[in-house]
Amino acid sequence: MAESYLPNQQRPPAFGTNGANGTAAKMPAMPQSGTMPSAPMQNAQVTEARPQVKKKPMEEVHIDELLETLVELGGTDLHISQGVPPTVRVNGELEQLPYEDVTPLDVQQMMYGILTDEQIQKFESTWELDFAYALQKRARFRVNLYRDKGSVATAMRLIPFNIPTMEQLGLPATIEKLTHVRRGLILVTGPTGSGKSTTLASMLKHINDTRSEHILTIEDPIEYVHPPNKSIVHQRELGQDTKSFANALRAALREDPDIILVGEMRDLETISLAVSAAETGHLVFGTLHTNSAATSVDRIVDSFPSGDKDQIRLQLSNNIQAIISQMLLPTSPSYKAQTGKGRIASQEIMIASSAIRNLIREAKAHQIASIIQTSGNAGMITADRSLTNLYQEGKITHETALSRAHNHEEIKRMLAGVEDPSGKAGPSSARPPGR
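Residues numbered from 1 in each chain as written. Predicted model: local features only at pLDDT ≥ 70, side-chain atom pairs only at ≥ 80, totals over all residues. Heavy atoms only, no water.

Colleague: Could you clarify how one ought to interpret the pairing of strand β2 (residues 87-90) in this entry?
Modeller: A regular strand places its side chains on the two faces of the sheet in alternate fashion. Relative to β2, strand β1 (residues 77-80) runs antiparallel, the two sharing three bridges. Within β2, the position partnered with Leu78 by the bridge is Val88. Linkage of β1 to β2, two consecutive antiparallel strands, is achieved through a turn of six residues, within which Gly83 is found at a positive phi near 90°. Bridge analysis of β2 against strand β3 (residues 93-96) gives four bridges, and the strand direction is antiparallel. Opposite Val90, over in β3, you have Glu93 as the bridge partner. (Pairing = 2+ DSSP bridges. Helix = DSSP H or I, 4+ residues; strand = E, 2+ residues; numbered from the N terminus.)

Colleague: What exactly am I supposed to notice about the nonpolar core here?
Modeller: Nonpolar side chains in soluble globular proteins tend to be buried together. Among the nonpolar cores identified, the biggest contains 61 residues, and Phe285, Ile320 and Ile368 are the most heavily contacted of them. Looking at this core, the element that brings in the most residues is helix α9 (residues 268-279), giving six residues. Formed by 33 residues, the second largest nonpolar core is a distinct cluster that contains Ile80, Tyr99, Phe123 and Leu145. (Core = buried A, V, L, I, M, F, W, Y, C linked by side-chain atoms within 4.5 Å. Buried < 20%, exposed > 50% of the residue type's maximum accessible area, 1.4 Å probe, protein only.)

Colleague: Would you mind showing me how to read helix α11 (residues 309-319) here?
Modeller: Since the α-helix packs 3.6 residues into each turn, any two residues three or four apart lie on the same face. Three or more residues of α11 are buried, namely Lys309, Ile312, Arg313, Gln315, Leu316, Ser317 and Asn319. Buried residues belonging to α11 abut β7 (184-189), α9, α10 (293-302), β12 (320-330) and α13 (354-361). (Contact = heavy atoms within 4.5 Å.)

Colleague: In this structure, what is going on with the sheet that holds β7? I would like to understand it.
Modeller: The strands that make up a sheet pair up through hydrogen bonds in the backbone, lying either parallel or antiparallel. Strand order in the open sheet formed by seven strands is β9-β8-β10-β11-β7-β12-β13, and the pairing between neighbours is mixed. With one partner strand each, in any of the chains shown, β9 (232-237) and β13 (343-351) form the two edges of the open sheet. Direction aside, the axes of adjacent strands within the sheet are offset by 15° on average. The pairing of β7 with strand β11 (residues 283-288) spans six bridges and is parallel. In the sheet register, Ile186 faces β11, and the bridge partner there is Phe285. This element, helix α8 (residues 245-252), spans β8 (214-219), β9 and β10 (259-262) of the sheet and lies at about 165° to β8. Packed on one face of the sheet, helix α15 (residues 383-392) meets β12 and β13 and runs near 140° to β13. (Axes fitted to C-alpha atoms, helices over the stretch in contact; angles between N-to-C directions.)

Structure below.
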């Protein structure tokens, strides 16, 4: 890796500190009696109000030190930007690390030290950069470098080397059955940070461990690395191995794949090629930033011009196999204490039955939720039913179930008939597990 640092210059004082000695400045509290306290009393009051905490300076800190801390804390994300200490996300909550505030020079030197000359040129011309970074043999990170108020900033997402199994993730049996599908389109959707990549990685791992297939992934950047097992796996990274998702998908059809993973179906051309690949007999996995099966169908159809909408509805209805829409939730205090897990996934699962295919074809995607609700025996489940089940099992709190519901009236009705882990029933008496 090329090292490219700015010329060394004097480190400016941290934001909110005294430039002469680096100590925090604070006005003493005025006494309620209206008389000024003596100097010793003033000092005592300030000391009690602001206990001194020794923070490590940033000048000599390497990015690996911060990433090691993230891994040890069991966190998921590291944020570095000017004016605040390095910050990590642990169990969904942000926590500042015990370092001094970061200066613009600190973060630029730290991040440019792990970039190639080509990456530096690209970042300085576009002001955004996505790439992957490995921490020895402990973990990999998906990195986004960007500019914030004129200086460099970064967000780094932890990607463990070991791909979790579906059992370890607690995925339902319906999702395991989807790994046996041979053709068609399977979507995993949800907001950023909802665990889509991890769910897809566990599904591909299961296929790799149990079937002899050619798996081809197109990612930006490569997240989980899949070593070949029973299958052979080729992973292509945007910007390093291919110029665009669309280019890679067109080429994929000439590379004899059985299974294609499209890291993000972000534009009309990529969506069209992914659906066409599924139509030609491949099993295609893809992701969308949508929160339900119905909105996923609408997002795909709405990407096309008006004159092409009927055609894409027909193609999608014939080739869609399933849509898994998921979100990550904070666990209840009692479940976290028992398992050490701070977050858990909740999924809406839609399986493409003949009724659902008809709704897609007839532009009635808004009715998909009703079919899912009445098709539990086919392995389908609504988002609100999944939340209710997690609450009943003591894995999330009553408040979490209500706050993440798609239909608040419906989930209130479902929760009213559910006994909480303490044995009480109904919303009036139900208390969150662990309280």
